[in-house]
Structure formats: structure tokens, C-alpha cells
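Breakdown of the fold
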Amino acid sequence: MTKVLVLYYSSYGHIAKMADAVAQGAREGGAEVDVRRVPETAPAEVAKNAGFQVDDTHPEIEGVNALADYDAIIIGAPTRFGRMPSQMAAFLDQAGGLWARGALNGKVGGAFTSTASQHGGQEVTLFSIITNLLHFGMTIVGLDYGYQAQMTLDAVHGGSPYGATTLAGGDGSRQPSDVDLGGARYQGKRIAETAAKLKG
């Protein structure tokens, strides 16, 4: 069975919800799925003052070498000023040894994100994640236009050909919509199916 890792960082819970939807889709695609989060690196006082949620939804990943155990890795992180947050970057920056020995070459990767506003840097953040995955030698699967709900204009929602997205609102009060969660499930399933085909 294909093994998929959904790896995420979430400050306010939006990405954790999207991660669950991505994982559901990957399971529908026939994969065995683990959902893990990266460690919080912000000082406790900063996290408290910013209102970060204590995230115990899923266990922390047990080190960067665990990435090599999966056929596909789907990374989710919110936007921090138009790029991935330092928590995810710090984790991926530890993967030099995996890169050096080609441990992730040929595996499948994807990305998903959340921003406060419609123009908050979703695509740039996705690219910042995808760039890492490409350097690891991975094959990228985005949110293709087979998911037609991302094309509708009757409501504000996320969605990008580069990956599933959601909008949190400036105060974090907006939760992922049905369209957003549907995109996450669709992308998770497509990644699992692609990984299974490449694994052969």
C-alpha cells in the first residue's frame, strides 16, 4: 500500500482542518496516511500573545529522516508575509542529508495553505513549499481543474492550480468552506493515486 504523509504547521487551526481533509482524500485514493505536525518554534510568550492555539490534534513528526519512509509528502502551512512560516522552513532546512543521498527523489509532493485575505500571498506561499519539494527531487501534484468548484464565483473561497487553499479572515474567524475542504480532499486523493502509479 502507498504511504502518504500529510505534514503541517498550524497556528490557529485552519491548516489542521485542511490537513484532515487532505488525509481523507488520500485515504479515498487507497493510501495509508499519517498526519503529523512540525514543532512550534515561536517562544511561548509570543505564541500566547498572538493567540496561537495549542495544537494537539496530531502528534509531532519524529525528525526529518521520517520523510524518507513515505511515497508521497503533502505539506501544509499558513502564509507568513507571502511565504511559508519559519516553523516549517526550520524543519525542512534540516533535510540536507536526505537531499544529499537522494532519499526523496521520485516521490510525490504537494502543498496547501491558508491566508487571511484573498490576496494574502497564497500562490507565493505554495511556491515556497513546492520549491523545497522540487529540490528534493519530487514530482509535484497540484489542485488541477478537474476540481471545478474552485472555478465558481458565487462565493469567496480558496483554490489554486498549485494547491488547495483557504481564507481565514483577518481575525481568523472564517473557517475552511466546503469548497476549500473539497479541494483539499481532491488534491489528497490525486496525490495518493499518482504515488500509487509511480510506485508501480
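Keep in mind that what you see is a predicted model, and the values were worked out from it rather than measured.

With that settled, consider the pattern of salt bridges. Under the definition given, this model contains four salt bridges. Close ionic contact of E60 with R37 constitutes a salt bridge, the shortest N to O distance being 3.6 Å. Here the residue E60 occupies a position in the loop between α2 (44-49) and β3 (72-78), and R37 occupies one in strand β2 (residues 32-37), the gap between them amounting to 23 residues. A relative accessible area of 36% places E60 in the partly exposed class. In this structure, D144 and R190 form a salt bridge, with 3.0 Å as the shortest nitrogen-oxygen distance. Of the two residues, D144 is situated in the loop between β5 (139-140) and β6 (164-167) and R190 in helix α6 (residues 178-199); the sequence distance between them amounts to 46 residues.

Moving on, we get to α6. Two residues of an α-helix separated by three or four positions point the same way, owing to the 3.6 residues in each turn. The end-to-end C-alpha distance of α6, which contains 22 residues, comes to 31 Å, matching closely the 32 Å that a straight helix rising 1.5 Å per residue would cover. Of all the positions in α6, only D180, G182, G183, A184, Q187, G188, I191, A192 and A195 are classed as buried. Tucked inside the fold, the buried residues of α6 contact β1 (3-8), α1 (14-28), β3, β4 (108-115) and β6.

Procedures and definitions
Residues numbered from 1 in each chain as written. Predicted model: local features only at pLDDT ≥ 70, side-chain atom pairs only at ≥ 80, totals over all residues. Heavy atoms only, no water. Salt bridge = Lys/Arg side-chain N within 4 Å of Asp/Glu carboxyl O. Helix = DSSP H or I, 4+ residues; strand = E, 2+ residues; numbered from the N terminus. Buried < 20%, exposed > 50% of the residue type's maximum accessible area, 1.4 Å probe, protein only. Expected span 1.5 Å × (residues − 1). Contact = heavy atoms within 4.5 Å.

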